[in-house]
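Each chain is listed here by its residues.
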Number of protein chains: 2
Amino acid sequence: MNPEDYSEIFKALSHPLRLKIACGLLHKGKCNVNTMVERLGESQSLISQHLNILKKSGIIKGYREGNIIWYRLENELAAKLLKNIELKLCD
Amino acid sequence: MNPEDYSEIFKALSHPLRLKIACGLLHKGKCNVNTMVERLGESQSLISQHLNILKKSGIIKGYREGNIIWYRLENELAAKLLKNIELKLCD
DNA sequence: TGACAATATTAGAATATTATAATATACTAA
DNA sequence: TTAGTATATTATAATATTCTAATATTGTCA
């Protein structure tokens, strides 16, 4: 991991909505898009776009189960970083 | 601290150069601008601009000592986050 | 004071990010 | 197959970030 790699993780977490999503996943374990849409009160498109950014940075992964895609946190560094954040942020 | 506050800290650390600066300060304790310029091989203006971003986010503070300004990490959350990063990044 | 050293600020072009709106894709069940 | 549900993608306008080059500020010392 070089500085660029590290800063990419920080960058992925540098948006309030992505931070909420990632933090939620840390504590809930998994979540699907529509549930995030409801919980976070943002449009489906916006949630999906931000999920994509988290996905591209390697922080989360999606697993399809029939009609639904479950997202999970899949990055140890991100998990460690998120543990420094107060819980009440997360749902 | 709300999600926006947290994400600002991440944002400040989301650039490779700022991450190097902050990580350097974590481990060296303090540093002045010209030393950073030499160590990081970037222009004085660029270093100064990025220091300003770190300063505005409340991650670092500068203390003048005559002609020189010493920068220090002054944020507990940032310090905790940076401790999750491999040391060899830091000088 | 004037010259110099250390640092900050500004302007501007190039590029990246963000949110909205509209549309597309993938799967399920009837 | 068709309708419906869940999610992804695309285009676009607005805004923000980044870097470079030039200039300004602040403090020291002769």
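Just above, that's the structure.
Let me sum up the structure you'll find in this document. (Residues numbered from 1 in each chain as written. Chains lettered and ligands numbered in written order. Predicted model: local features only at pLDDT ≥ 70, side-chain atom pairs only at ≥ 80, totals over all residues. Heavy atoms only, no water.)

How big an interface is tends to be expressed through the accessible area that disappears when the partners come together. If you look at the interface, chain A gives 19 residues, while chain B gives 19 residues. Together, the buried faces of chain A and chain B total about 1,900 Å²; carbon and sulfur atoms form 74% of this surface. Taken together, the connections running from chain A to chain B amount to zero salt bridges. Viewed at the interface, chain B and chain A are joined by zero residue pairs in polar contact (both at pLDDT 80 or more). The set of elements that each furnish at least two residues to the side of chain A that touches chain B consists of α1 (3–12), α2 (16–28) and α5 (76–82) of chain A. Counting residues per element, the side of chain A that touches chain B draws most heavily on α1(A), which supplies six residues. (Contact = heavy atoms within 4.5 Å. Buried area = accessible area lost by both parts, 1.4 Å probe. Salt bridge = Lys/Arg side-chain N within 4 Å of Asp/Glu carboxyl O. Polar contact = N/O pair within 3.5 Å; in protein donor to acceptor, adjacent residues only side chain to side chain. Helix = DSSP H or I, 4+ residues; strand = E, 2+ residues; numbered from the N terminus.)

Here the focus is the protein's contact with DNA strand C. In the vicinity of DNA strand C there are 24 residues, among which A:Ser45, A:His50, B:Asn34, B:Gln44 and B:Tyr71 approach most closely. Residue B:Gln44 places a side-chain N or O atom 2.8 Å away from a base nitrogen belonging to DNA strand C. Taken together, the elements giving at least two residues each to the surface near DNA strand C come down to α4 (44–56) of chain A together with α3 (33–40), α4 (44–56) and β3 (68–73) of chain B. The element that contributes the greatest number of residues to the surface near DNA strand C is α4(B), accounting for six residues. (Near = heavy atom within 4 Å.)

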